[in-house]
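Here is what each chain is made of, one letter per residue.
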Amino acid sequence: MTTVLRRRSDDDPIGAYVTALGNALRGPRGARRDVTTELADGLRDAADAYVEAGMPAREAEARAVRESGPVEDVAAEYAPELAAVQGRRTAAVCALSMPATVLAWGLTWSAEVPTGGHRWRLGVLSDLTDWAGIAGGVAGCVLAALLVVSARRVVPVRLLLALLVLLCGGAVLVSTVCAVVMNVANAERIAWMLAGSTPAVALSLATGVVSAWQLGSLCRSANLAFRRG
């Protein structure tokens, strides 16, 4: 295996370098692909310039790679940019989905649940769920804006990612726990409503998908915010 890798490196220094960099980068796949594509184009342009000056092609590529610097150093330079991209995506997910979910459930309850009959148990948790969703959406908006500024290195990206994970993640956790407790406390009425309401069933499924999306994005941001190095 080592011999094969060495031959590939000798045959295409730029390709081997860019592949190693792609493996070292952490962040959204599309952003990593943009970085490696841009770097590969720059390295090949530099190598072409050396070839035009009379240098052999392989030597020109090797020199362009050496001048670019060690893979670890280049990956570290791109780390804040890629982390900011991931953070903006997570912030956008929370800013858009959390208030939208609160609004959708509010409309569904008002349309599907009759005003008469016994009151909902633990209704205070419903208000807490709504406020957590709104707070998470506001936090997502604010941190999305700050992460745009952080691209200029004005604010440390990892600090903003940590705040994003703690604030929006906390809002998701609070709203999820409250929803579960309320559903358990009102299991009979929830079952009755779902049995006769197609919109409520559809919204329940959509909420589950959105929650998984939120958690997945928050986990990716947390990995970049709290990982060592």
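About the thresholds
- Residues numbered from 1 in each chain as written.
- Predicted model: local features only at pLDDT ≥ 70, side-chain atom pairs only at ≥ 80, totals over all residues.
- Heavy atoms only, no water.
- Helix = DSSP H or I, 4+ residues; strand = E, 2+ residues; numbered from the N terminus.
- Buried < 20%, exposed > 50% of the residue type's maximum accessible area, 1.4 Å probe, protein only.
- Contact = heavy atoms within 4.5 Å.
- Areas by Shrake-Rupley, 256 points an atom, 1.4 Å probe, with all protein chains shown as cover.
- Core = buried A, V, L, I, M, F, W, Y, C linked by side-chain atoms within 4.5 Å.
- Expected span 1.5 Å × (residues − 1).
- Salt bridge = Lys/Arg side-chain N within 4 Å of Asp/Glu carboxyl O.
- Axes fitted to C-alpha atoms, helices over the stretch in contact; angles between N-to-C directions.
- Parallel < 35°, antiparallel > 145°, perpendicular 65-115°, else oblique.
- Left-handed = near helix turned anticlockwise from the far one by under 90°.
- Nonpolar A, V, L, I, M, F, W, Y, C, P; charged D, E, K, R; others polar.
- Arc of directions from axis to C-beta.
- Patch = residues over 30% accessible without salt bridge, like charges linked within 9 Å, V, L, I, M, F, W, Y side chains within 5 Å.
- Lys, Arg positive; Asp, Glu negative; His and termini not counted.
- Charge placed at Lys NZ, Arg CZ, Asp CG, Glu CD.
- Disulfide = S-S within 2.5 Å.

### A look at the overall build of the chain
Along its length, the chain carries nine helices and zero strands. Counted from the first residue to the last, the chain has its helices and strands arranged as α-α-α-α-α-α-α-α-α. Expressed as a percentage of its 229 residues, the buried residues of the chain come to 36%. When contacts within the chain are restricted to residue pairs at least 6 apart in sequence, those whose partners lie at least 24 apart make up 81%. Within the structure as shown, the chain displays about 13400 Å² of accessible surface, and the carbon and sulfur contribution to it stands at 63%.

### Observations concerning the nonpolar core
Counting 22 residues, the largest nonpolar core has Tyr17, Leu21, Leu25 and Leu43 as its most contacted members. Of all the elements in the fold, those that place two or more residues in this core are helix H2 (13-24), helix H3 (29-52), helix H4 (57-68) and helix H5 (71-112). In terms of residues, this core owes the most to one element, H3, which gives seven residues. Grouped together as the second largest cluster of nonpolar side chains are 19 residues, Met98, Leu143, Leu218 and Ala225 included.

### Details of H3
A rise of 1.5 Å per residue sets the reference length of H3, with its 24 residues, at 34 Å; its end C-alpha atoms lie 34 Å apart and thus fit the reference within 8%. Taken from the residues just after H3, Gly54 is the one with a positive phi, measuring 105°.

### Thoughts on the pattern of salt bridges
Per the stated rule, a full pass over the model turns up four salt bridges. For Arg44, the salt bridge identified is with Glu61, shortest N-O distance 4.0 Å. Residue Arg44 is found in helix H3, and its partner Glu61 is found in helix H4; the two are separated by 17 residues along the sequence. Judged by relative accessible area, Arg44 falls into the partly exposed class, the value being 33%. Among the charged side chains, a salt-bridge network with shared partners connects Asp12, Arg44, Arg58 and Glu61.

### Overview of the packing of helix H6 (residues 123-150) against helix H7 (residues 157-185)
Remark: H6 packs on H7, axes separated minimally by 9 Å, with the N-to-C direction vectors making an angle of 165°. If you check the angle between H6 and H7, you find them roughly antiparallel. Crossing of H6 against H7: the hand is left-handed. Each residue belonging to the contact of H6 with H7 can be placed in one class, and the counts come to 19 nonpolar, six polar and no charged.

### Points about the packing of H3 against H4
At their nearest, the axes of H3 and H4 sit 8 Å apart, and the two run at 130° to each other. In terms of orientation, H3 lies oblique with respect to H4. In terms of crossing hand, the pair formed by H3 and H4 is right-handed. Residues Leu39, Leu43, Arg44, Ala46, Ala47, Tyr50 and Val51 of H3 pack against Ala57, Ala60, Glu61, Arg63, Ala64, Val65, Glu67 and Ser68 of H4. Residue composition of the contact of H3 with H4, grouped by class: ten nonpolar, one polar and four charged.

### Points about H4
With twelve residues, H4 should cover 16 Å at 1.5 Å per step; its first-to-last C-alpha distance of 17 Å lies within 8% of that length. Restricting attention to buried positions, one finds in H4 the residues Ala60, Glu61, Ala64 and Val65. Considered in projection along H4, the buried side chains sweep an arc of 135° and stay on one side of the axis. In the segment just after H4, Gly69 is the residue with positive phi, at about 105°.

### Observations regarding a negative patch on the surface
Side chains of Asp34, Glu38, Asp41, Asp45, Asp48, Glu52 and Glu81 sit close together on the surface and give a patch of like negative charge. Among the elements that take part in the negative patch, H3 stands out by supplying six residues, more than any other. Locating Asp41 in the fold gives a position in helix H3.

### Some points on the state of the cysteines
One pass over the full model with this rule turns up zero disulfides. Of the cysteine sulfurs around Cys94, a residue in no disulfide, the closest is that of Cys168, at 4.0 Å.

### Some details on the side chain of Thr36
Inspection of the secondary structure assignment puts Thr36 in helix H3. Apart from residues lying up to four places away in sequence, Thr36 is in contact with Val18, Gly22 and Leu25.

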